[in-house]
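Read off the chains here:
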Amino acid sequence: MGKNIVVLNGSPRRNGNTSALVESFTRGAEEAGNTVTVFFLDALDIHGCKGCFGGHSARESPCTQRDGMEKIYPAVRDCQVLVLASPLYYWNLSGQLRTAVDRLFALEEGDGNFLRGHDRASALLMAAEGHGFDDVLTYYQHLTEHLRWRDLGHVLAGGNCDAGDIQGKPALEQAFALGRSIQ
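Everything numeric here is computed off the predicted structure, so don't read it as measured data.

About the cut-offs
Within each chain, residue numbers correspond to sequence positions counted from 1 in written order. Restriction of local features to residues with pLDDT of at least 70 applies here, the model being predicted, together with a cutoff of 80 or more for giving and counting side-chain atom pairs; totals for whole chains, interfaces and linings are based on all residues. Side-chain metrics in this entry use all non-hydrogen atoms of the structure; hydrogen atoms and water are not considered. A cavity here means a set of 1 Å grid points, computed over protein atoms only, where a 1.4 Å probe fits but cannot escape. A pocket is an open set with protein on both sides within 12 Å along at least 5 of 7 lines, and lining residues have an atom within 4 Å of a point. Grid points are joined across faces, edges and corners, and a volume is the space filled by probe spheres set on the points. Salt bridges, as used here, are contacts in which a Lys or Arg side-chain nitrogen is within 4 Å of a carboxyl oxygen on Asp or Glu. Note on conventions: DSSP H or I runs of at least 4 residues are helices, E runs of at least 2 residues are strands, and numbering of each starts at the N terminus. Accessibility here uses a 1.4 Å probe with only protein chains present; expressed as a share of the type maximum, an area under 20% marks a residue as buried, one over 50% as exposed, and anything in between as partly exposed. Here a polar contact is taken to be a pair of N or O atoms separated by no more than 3.5 Å, where protein atoms must pair a possible hydrogen donor with a possible acceptor and residues adjacent in sequence count only if both atoms sit in side chains.

### Observations regarding the layout of surface pockets
Logical step 1: Taken as a whole, the largest pocket encloses approximately 180 Å³ of empty space.
Logical step 2: If you go around the largest pocket, you meet 14 residues; those closest to its centre are Arg 13, Pro 87, Tyr 89, Ala 127 and Asn 160.

### Details of the pattern of salt bridges
Logical step 1: Enumeration according to the criterion identifies five salt bridges in this entry.
Logical step 2: Among the ionic pairs, Glu 31 bridges to Arg 180, the shortest N-O distance being 3.1 Å. With Glu 31 in helix α1 (residues 17–31) and Arg 180 in helix α5 (residues 170–180), this pair connects stretches of sequence that are 149 residues apart.
Logical step 3: Overall, Glu 31 belongs to the exposed group, its relative accessible area being 52%.

### Some remarks on the side chain of Asn 17
Logical step 1: By secondary structure assignment, the location of Asn 17 is in helix α1.
Logical step 2: For Asn 17, a relative accessible area of 3% gives the class buried.
Logical step 3: At 3.0 Å, the side chain of Asn 17 and the backbone oxygen of Asp 162 are in polar contact.
Logical step 4: Polar side-chain contacts of Asn 17 include one of 3.1 Å to the backbone nitrogen of Ile 166.

So this is what it looks like as structure tokens:
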């Protein structure tokens, strides 16, 4: 039986290089029999975390804020694999993705922990003009360790500035193979 995979696409460009990685990953994952749900975060109205500690993980909408995260929470709660996809912005994830990741904290608050552990795995897909991925990899490794997620791997595609630059490059096949490897 296939896995339920959620992809949080933090790129502001629907047809950009990060989205091309997501599309290749999704094709591979679906070919392997998995179900993939992609959230294009830039199209959702997601506000920053208020740090209120008012969330309750067992509620249908665990956060006190009512915004685009309400679509994401149930999908993340039920997934076995969470994929973070982002362009590299100042050696980190995009603001769209960082905001969503911060807001996932509501799934750890209150009545139970629906984010940490649960035999969950993750992967990282990134595109960038440059090649300086060290800092974001450190963040990602700390995040997966804290949440007790199994790291399935990453595709870090440097040398891609303009939308479409990634076409024909090995990173797309790597993303496909990563998706295909999930069984």
